[in-house]
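# Structural overview for review
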Amino acid sequence: MIRISDIIDKVTENNPDADVDIIDRAYIYSARVHDGQVRLSGEPYLSHPLEVAGILADMNLDMVSVAAALLHDVLEDTKATPSEIKEMFGEDVMNIVSGVTKLGKLSFRNSQERYAESIRKMLLAMADDIRVILIKLADRLHNMRTLKFHTDQKRIEIAQETLDIYAPISARLGIYWMKNEFEDTSFMYLQPEEYLKIKALVNKDKDEREKYIETVKNYIKNKMDEYHLNCEVLGRYKYFYSIYQKMAKQNLTFDDIYDVIAFRIILDTIPQCYEALGLIHALWKPISKKFKDYIGIPKPNMYRSLHTSVIGPFGERMEIQIRTKEMDRVAKSGIAAHWSYKEGKRIDENISKKFSWIQNLVENQKEFKHPDEFLENVRIDLFADEVYVFTPRGDIRSLPSGATPVDFAYSIHSEVGNQCTGAKVNGSMVHLNYRLKTGDTIEIITSKNHHPSKDWLKFVKTVKARSRIRQWIKTQEKDRSLTLGREMCEKTFRKNNLNFNTLLKAGQTEKVAEHFGFKTVDDLLASVGYGKITPLQIVGRIIPKPKVEVEEETLLNKILGRVRKKRPGSGVVVKGVDDILIKFGKCCQPVPGDSITGYITQGFGVTVHRTRCVNALRMNPERQIEVEWNKDIAETYSVKIQVTSFDRVGLLADITSVISRNEANIVGVNTKTLDNKTVDGCFTISVKDTAQLRKIMSDLKKIKLVHHVRRLDG
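The following paragraphs examine the structure supplied in this document. (Residues numbered from 1 in each chain as written. Predicted model: local features only at pLDDT ≥ 70, side-chain atom pairs only at ≥ 80, totals over all residues. Heavy atoms only, no water.)

### Points about the packing of helix α7 (residues 91–100) against helix α9 (residues 131–145)
Let me state the cut-off plainly: The convention used is that axes are lines fitted to C-alpha atoms, helices contributing only their stretch in contact, and that angles between N-to-C directions extend from 0 to 180 degrees. Per the convention used, a helix needs a DSSP run of H or I reaching at least four residues, while a strand needs a run of E reaching at least two, with both numbered from the N terminus. Small angles under 35 degrees read as roughly parallel and large ones over 145 as roughly antiparallel, with 65 to 115 read as roughly perpendicular and the rest as oblique. Handedness of a crossing follows from how the near helix is turned relative to the far one, being left-handed for an anticlockwise turn of less than a right angle and right-handed for a clockwise one. Residue contacts are counted whenever heavy atoms from the two residues lie within 4.5 Å of one another. Side-chain classes follow a simple rule in which Ala, Val, Leu, Ile, Met, Phe, Trp, Tyr, Cys and Pro form the nonpolar group, Asp, Glu, Lys and Arg form the charged group, and the remainder, Gly included, forms the polar group.
Running from N to C, α7 and α9 cross one another at 55°; their axes reach a closest spacing of 9 Å. On the basis of the axis angle, α7 is oblique to α9. Remark: the crossing between α7 and α9 carries right-handed chirality. Between α7 and α9, the residues in contact are D92, I96, G99 and V100 and R131, V132, I135 and K136, respectively. Taken together, the residues of the contact of α7 with α9 break down into four nonpolar, one polar and three charged.

This is the structure in structure tokens:
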């Protein structure tokens, strides 16, 4: 366990004039309030805040950050109060600790909602003070390092959260060493067989690779010395998860990946970087379209470097990165490298502007209330690879890869997006679904009478564009549903000898709206128009025992086309509604164990999707309805899996044997042999639940020469 003296030594080594009194006091306070608490490992709980503070001291952060790290769990796990923290350590420390604290003391309907709101709070605090996320990342890093002490299920949950949220945040902040450790550790717990397989492949012939690294380094060093360029040359192995991703995405074997080893040249000045690039291209033939100039156009997280791929000394392809010492420091620590201010000073304003994407991310997520939708859009925002485009004035804007002129229009202003009718790219008219490329200059053509199209949702890539389009569509649909809901209520109330407008004026419908969880009567009526509430349910609240019982044909039934009885023993239950036709989305093929949601679909009853299904997230949330798996019914459900393997005799027999042995039925098979002697097999199988599916996929990965198994969306 790291000691407080070790942390203070690190702090004073980085900043000899540092006043470490606040760190001493934070340590003493944390030790007192955490006294008697232990971690799952059996260690005193104090070991955790000490390790987190040690990570921040290594990152050369200020005294306030290190002190807040020592206190980051006291509000959640002890009787400490915000006022006490503020009084003893100041407002800055109190704000940071509050921002890091999860929402442990509030009640939510489910763990997904709790997690979503915790992430939302963290993002808001992060936009106010970036130190919140730096402490949160260090906290998660130490938790990942001690993940082995959790149960199997908890390990998988934490590892998936880390891969989904914390790894991309650290990448967007430019802290790549942390991002790589997050990914590799998560990979180890989520896909242990794949992890061990790649680890073995990397370690195989390691001595030979070490000799290769030294040989290439000497070639580069001698060339630089010849032209009097003082430099440091490094060779490094690619991280395991990065290798796995490349193999999976590009359908490559391990031997096909040319940049398992990459080289880095570190120099003093920017002109030297470009001179070194010319020397490398003179020494070895560059590969077309494999050069990236992140010095001329830095990444949004301030990463700067030259990247080139060449044909090396032995005919192999290899990647070389060229940068200055300062660029290397930023590449290792990201925004933390710029946290060089002394006590009482704020971070450089220019640096804050570089990270304006954080504020944009917070702004984009305000629209999304549903936890699944919120988390999905956070992932989209965080994972986006950028393209860099120009406005007609020459200003640079970064957009996610695959972005279109519509995304660009919304990035300028919501009204520009709403009124977008066309676009010119590099002076020529293009379709609105044109995929922008780095270097494009874009001009948007607008019309005051134009409105967004629902079809735009099929191709826009940014969360801002999607949210603004859906907001406009939702407003239009709500107006129509409000009118329809009012007409339906008036008709049903007349059938029950009631005057709807009189009751509306008397205020009786307000109590009904409150009963169903709506803020206003208009929201209640719109819900009737959407088909989520029936007029008869409203009548039932006003007259508990209606004098006239009417066989009601609800809008929901009208939407279905006609009343259809669900099959006896349906595997899914629609909460609060009976006798509805259920069908499953072919786009995501949900099975028991998946988190699911339902959408009212005209003419087809309720369609069930996985909550993270892209198509479901595009639908109007007003048509969403709660569904759950019927645990009393045992059915089988079709799901597609892809198996990628090297071709060999008996491969198909082994795969079908594993599926049969796990008591699953094979519904369909489609295989294709590729030029690189690998086989892509798509199998449609019937399973009872996700547990059975996971077991089948795990067993398939153990088959000889199989290197990738994944579930397909549809």
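From this point, the discussion proceeds with the structure in view.
### Remarks on the nonpolar core
Short version of the rule: Here, the term nonpolar core denotes a set of buried Ala, Val, Leu, Ile, Met, Phe, Trp, Tyr and Cys residues that are joined through side-chain atoms within 4.5 Å. A 1.4 Å probe rolled over the protein chains alone gives each residue an accessible area, and that area as a share of the maximum for its type sets the label: buried under 20%, exposed over 50%, partly exposed in between.
Judged by nonpolar contacts, the single largest core of 60 residues is most densely connected at I7, V11, I23, V93 and L137. Core analysis: the second largest hydrophobic core is formed by 40 residues, F187, C231, C273 and I295 among them.

### Some thoughts on the sheet that holds strand β5 (residues 317–324)
Rules: If DSSP finds at least two bridges between two strands, the strands pair.
Taken together, the five strands give an open sheet; going across it, the order is β1-β2-β5-β4-β3, and neighbouring strands pair in mixed fashion. Each having just a single partner strand, β1 (232–237) and β3 (292–293) make up the two edges of the open sheet. Most of the contacts of helix α13 (residues 206–226) go to β1, to which it runs at about 155°, and overall it touches β1, β2 (261–267) and β5.

### Observations concerning the pattern of salt bridges
Once the charged atoms of two side chains with opposite charge are near each other, the side chains can pair. Applicable threshold: Here a salt bridge means any side-chain nitrogen of Lys or Arg lying within 4 Å of a carboxyl oxygen belonging to Asp or Glu.
A complete count under the given rule lists 22 salt bridges for this structure. Among the salt bridges present, the one from R323 reaches D328, with a minimum N-O distance of 2.9 Å. Its relative accessible area of 2% is what places R323 among the buried residues. Residue class for D328 comes out buried when judged on its relative accessible area of 7%. Taking the shortest distance from any N to any O, the salt bridge between D699 and K702 comes out at 4.0 Å. Judged by relative accessible area, K702 falls into the exposed class, the value being 57%.

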